[in-house]
Amino acid sequence: MADGKVEFDEALFCRRLEKFYEAWQGNPDLWQGATALIVLAGGTSDELRYLKSGALQLWLFAYELPDTVFGFTQDALHVLTSAKKVKYLEPLAKAAEDQAGVKMHFLIKPKGEDGQAQAKELLQALQPEDTPAPIGYMPKDSHQGAFAEMFLQVQSSANLNLVDFSGGVSNLLGCKDSEEIKKVKKAAFLAASALQKYAVPQFESIIDEEVQTKHSKLSAKIEEAITQPEKVLQLRLRPENCDIAYPPIVQSGGEYSLKLSAQPFATPLKYDVILCGIGARYSMYCANVARTVLVDPSKQQEEEYKALLAAHDAAIAALVEGAPLAAPVDAAVQALKDKGQEQLIEKLPKTLGFGMGLEFRDSSLLINSKSQNTVKAGMIFNVSLGAQDLKRSDPNEGQAEIYALQIADTIIVQPGGAAPEVVTSLASKGWADVAYYFKDEEDSKPEAPPTPKANGVSKETKLRSKDDNFRAQDEQRQRQRENQEDLLTRVNEETRRMLQRKKGDADEGDGPGRKVSDTCAYRSVSDMPAPRDLAIQVDQRTESVLLPIYGIMVPFHILTIKNATNNQDGDHAYIRINFNFGTSYEPTAKFPNALFLKELSFRSSDPKRASKVVQEIKMLRGSITQREKEKAERATLVQQERLIRSGGRVMSLPDVWIRPTLISKGRKMTGSLEAHQNGFRYSSPKGETLDVMYRNIKHAFFQPADKELLTLVHFRLRNPIMVGKKKTDDVQFYTEVGEAVQTLDGGRRSMYDPDEIEEEQRERDVRNKINKQFQRYVKYVTAEIWEKHFSALGLEFEVPYRSLGFMGVPHKSTSFVMPTVNCLVELVDQPSTVITMADVGIVNLERVGFSLRNFDMTFVYKDLTRDVMRIDAIPSSSLDTLKEWLSSVNLKFYESKINLNWKPILKNIIEDPDAFFENGGWSFLDQEGGSDDEDAEEEDEADPEFQGSEEESEESEDESSSEDESVVDSDEAEAEDDEDFSGEESEEGKDWEELEEEAKQADKVKQSDSDDETDRKRKRKGGSAAATQKRRR
């Protein structure tokens, strides 16, 4: 409002206004039977204040309108505000009446007056004198400003029958639509990133470097990271949309408060138990996350935290559609009992969470034992479990005896009883991720006595199961397995629903395009051309071939012919014509009793004529087949809306290429991409145009040139369009920032050559210029068009995360594949790859093994009728990164040692879904993985006396895998025979002199081996022979 440029989204306002009236009039009991409603908005304030009236106003208009009163009646909306605001609101009046059936009446407060007369007029419109019906208002909202005080005074003196309708507003705003959920996810991503990528590293740095830093200073730094995400966190979020939901909370040193109103102390951070709570807002929608960091924790603290974590997970799992809001409390209490931590039950807060959205804390949706509300799909909850005033029996030096624990996450309730989605899962909460051991364990643990040997030399065996790093990794893998087990239930349910929908759908019938049985070569004999002689003729006009059969010219349409061949035998040629035939041939099903011709052969004495005829038949068939294919593709196209061109100056992106190309012949030229009111238009200098409508865009990507030669914007479409003569789901516009081919002048240039340095600098300047040009275009389209006029579509340009990218082969060539927020993409090489994660059911990692350098990844879509998508030859070094990413996006994945043939597997699932679910659904893919895990557990639980050390196992692996060391081993064996050691001495081991002598011999052998490979083979053979001769002696 400050800049004087406000544009309301009419479609969004009308849609939500209609939903508002449906909720009010459809369930009047929730609104206390109010026949009219008053929504007051007071003056602006710099404080963080959450008012239900403000939330309703933001939900309707997407803007804050201070010093305004809205009066709702059964068929009208009365607005009391200033003349300037009325100017912005007037365009909504006609749309509200046409689409929602609500008339808007404006009462303008004169400038310089308090508006008391207009306030009385509004109240009279809401309740005439002769009808004392109840009027709804929100008594709990506290408003500021002279205008609000004036209206409240007029309202109190009007002697109205006022009732509180806050419960109806909470029920209305409780279930979020897709656009709101997207904003909540961004807020959750911002909060979790600030905690995981900024707050936790700050704690680690302070403790490592022993720096005295105050809690209040840490809180201010975290707030700066949230309000400036692009600068501090390197997140591509618009700073003007990012804000804190409350001042970040950092507590340690024995003084803890689990309330969100807790203020950070001006005391230094202590190295004991650190609580950190972060709330973030994106486009006014809230999310919250809280974690506990424990420094040198005791065993008691470990057990209590793990029990609290189990209770937290149980409370989240209980928030399913249809469950009472009291269910998470019972689940958390039961989880603490199962963990043997009953003493923590009385330490839990009375409320374990609350609903959130535009309001940070919705008091009507509290998670406690007394709540009578029901969980609904689309609701957003903050689930927070904590325990305060806990005592540590053995605090370390400098640590407080009193401590507290807290875990909080933001979750989204899923439809159909599916498990809730934890949108703040980016912030780790497993024990291995929150526990830090800085104290030397050797000082606190008694040293185990060394194992005696026969010669008095002790050798300590270090087990992997006793190593802290291994235990942390093992706990992380265990959490990953638990997460995957939870995902299995959800994936099976989604597959079941999909198969039920497919089963209920009717057959679509024949595909589009012309049927072969409908073709007609000639309607009558008179239409046939007069035969000159009995020879094969090709009639281009009627798309037919005339063949002489028993002295009669018989016409055949070209679509009935499968192929034609020509074989020459001496002075003669043989023409063989094969016709379409078989059960899959469409006329066979239409005429089951008819006889079909399979093939005809002709003998010709003119080989040139025979070759020409066959060539004409092939050319005619190719052109007709291509034409029918294009016609069939066009028949399946969805009719697109007409482009509305913008008036005045149009934002344009010049000198861009398009893929797929618009023309198939001639010189290709660059064009310009213009952003109009409802779509893009690409136009070339030749007058060719292509329109891409905003409503037809499913995903939009912007990939700046970093290590590639292209800067591009790419669109994945909801419905395919025709580009030239090709039907496509993807359209890409790009500019080359460098030359793919470099001309070599034959001479070697120095790295200090001034010309070389100048050329590199020029290339960098060109790259940066093009990247900035594309970035300005993308920002303009997002901010000025999509967010203002098409916010309901939720469109935004996704930028691939290069740090999570990996090499792979999605099609035929090795490419660099990168994930985005919603997809996995490879956009440089053609054909491009765009995999929407929401469409993927499971992921199978194939050919995974320790001895293999690469593995494959198969994406199985939720729609089992679609072919699977494969990315082959992924380096094994990317396996752990991919697993973490798949877990972060809540995708169920499996591992297998072989490639699976997915076509028959999916066919069997579709044909017999009952047997598929009786056998455990997708769990059949986990057979090999389960056995491996059991073997690993049995190996870890084995008796330590029967396990070898890591050093010994590494030595054995190195000896078996290295060719050079095998040569050394043979020489070492020869040396042992020369020395003629006794059995007792060989068991005791070798002294330093013997080991040094063997090392010298090994160095000599390696030096000689590096000179000549042939000589090495000869020496190896000689060494083996010498050793054999000595054994024989």
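Computed from a predicted model, the values in this text were never measured in an experiment.

Caption draft 1: How the structure looks around the overall build of the protein. Across its full length, the protein carries 26 helices and 37 strands. Counting across all 1033 residues of the protein, residues that qualify as buried make up 42%. Considering only contacts within the protein whose residues lie at least 6 apart along the sequence, 66% involve residues at least 24 apart. Summing over all exposed atoms, the protein offers an accessible surface of approximately 56400 Å²; the carbon and sulfur share of this is 47%.

Caption draft 2: Structural context of the sheet that holds strand E33 (residues 833-836). With respect to topology, 4 strands assemble into an open sheet ordered E30-E31-E32-E33, the strand pairing being antiparallel. With one partner strand each, in any of the chains shown, strand E30 (806-808) and E33 form the two edges of the open sheet. Ignoring strand direction, the axes of neighbouring strands in this sheet form an average angle of 25°. The sheet contact formed by strand E32 (residues 823-826) and E33 spans 4 bridges and is antiparallel. Counted as the bridge partner of Cys 823 is Thr 836 from E33.

Caption draft 3: View of the side chain of Glu 180. Within the secondary structure, Glu 180 is located in helix H7 (residues 178-209). Here Glu 180 occupies a buried position and makes no salt bridge, while the nearest side chain of opposite charge, Arg 16, is found at 4.2 Å. Side-chain polar atoms of Glu 180 contact the side chain of Tyr 285, separated by 2.7 Å. When neighbours within four sequence positions are excluded, Glu 180 is seen to be in contact with Arg 16, Trp 59, Cys 175 and Tyr 285.

Caption draft 4: Region of interest: unusual backbone geometry. Cis peptide bonds are those with omega within 30 degrees of zero, and the linkage from Arg 659 to Pro 660 qualifies with -5°. Structurally, Pro 660 is set in the loop between strand E22 (651-659) and strand E23 (671-675). Here the bond from Gln 830 into Pro 831 is cis, since omega is 0°, no more than 30 degrees from zero. Assignment of secondary structure puts Pro 831 in the loop between E32 and E33. The phi torsion at Ala 873 lies on the positive side, around 55°, for a residue other than glycine. Considering the arrangement of structural elements, one finds Ala 873 in strand E36 (residues 869-875). Classification of Ala 873 by relative accessible area gives partly exposed; the value is 31%.

Caption draft 5: Examining helix H4 (residues 116-126) more closely. Along H4, the residues classified as buried are Gln 118, Ala 119, Leu 122, Leu 123 and Leu 126. All buried residues of H4 lie within an arc of 140° about the axis, which places them on one face of the element. Exposed side chains of H4 directed beyond 90 degrees from the buried face belong to Ala 117 and Gln 124. Tucked inside the fold, the buried residues of H4 contact strand E1 (36-41), strand E2 (68-72), strand E3 (76-81), strand E4 (103-108), strand E5 (135-137) and helix H5 (146-157).

Caption draft 6: Representation of the confidence of the model for the protein. With 80% of its residues at a pLDDT of at least 70, the protein reaches an overall mean of 80. In the predicted structure, residues 928-989 sits below a pLDDT of 50 and forms 44 contacts with residues beyond four places in sequence or in another chain.

Caption draft 7: Summary view of the environment of Val 614. Structurally, Val 614 is set in helix H16 (residues 607-635). Residues Val 614 and Ala 564, spaced 50 residues apart in sequence, show a C-alpha to C-alpha distance of 6.0 Å. Residues in contact with Val 614, not counting those within four places in the same chain, are Ala 564, Thr 565, Asn 566 and Ile 575.

Caption draft 8: Structural detail: H7. Under the 1.5 Å per step criterion, the end-to-end length of H7 is 45 Å for 32 residues, consistent within 8% with the ideal 46 Å. Helix geometry: H7 is bent most strongly at Leu 195, by close to 30°. Capping the start of H7 is the job of one residue whose side-chain oxygen sits 3.3 Å from the backbone nitrogen of Glu 179: Asp 177. In the segment just after H7, Glu 210 is the residue with positive phi, at about 55°.

Caption draft 9: Here's a closer look at the sheet that holds strand E21 (residues 599-604). Read from one edge of the open sheet, 3 strands run E19-E20-E21, paired in antiparallel fashion. At either margin of the open sheet sits one strand with a lone partner, and together these are strand E19 (561-569) and E21. Direction aside, the axes of adjacent strands within the sheet are offset by 15° on average.

Caption draft 10: Focus on the nonpolar core. Ranked by internal contacts, the top residues of the largest apolar core, which has 87 residues, are Phe 20, Phe 72 and Ile 278. Ranked by residue count, the leading element in this core is H7, at 15 residues. In contact with Phe 20, not counting residues within four places along its chain, are Trp 31, Leu 37, Leu 56, Trp 59, Phe 72 and Leu 172. Counting residues in hydrophobic clusters, the runner-up holds 39 residues, among them Leu 308, Leu 348, Met 379 and Ala 404.

What counts and how
Residues numbered from 1 in each chain as written. Predicted model: local features only at pLDDT ≥ 70, side-chain atom pairs only at ≥ 80, totals over all residues. Heavy atoms only, no water. Helix = DSSP H or I, 4+ residues; strand = E, 2+ residues; numbered from the N terminus. Buried < 20%, exposed > 50% of the residue type's maximum accessible area, 1.4 Å probe, protein only. Contact = heavy atoms within 4.5 Å. Areas by Shrake-Rupley, 256 points an atom, 1.4 Å probe, with all protein chains shown as cover. Pairing = 2+ DSSP bridges. Axes fitted to C-alpha atoms, helices over the stretch in contact; angles between N-to-C directions. Lys, Arg positive; Asp, Glu negative; His and termini not counted. Salt bridge = Lys/Arg side-chain N within 4 Å of Asp/Glu carboxyl O. Polar contact = N/O pair within 3.5 Å; in protein donor to acceptor, adjacent residues only side chain to side chain. Arc of directions from axis to C-beta. pLDDT = per-residue confidence, 0-100. Expected span 1.5 Å × (residues − 1). Bend = angle between axes of the 7 residues up to and from the residue. Core = buried A, V, L, I, M, F, W, Y, C linked by side-chain atoms within 4.5 Å.

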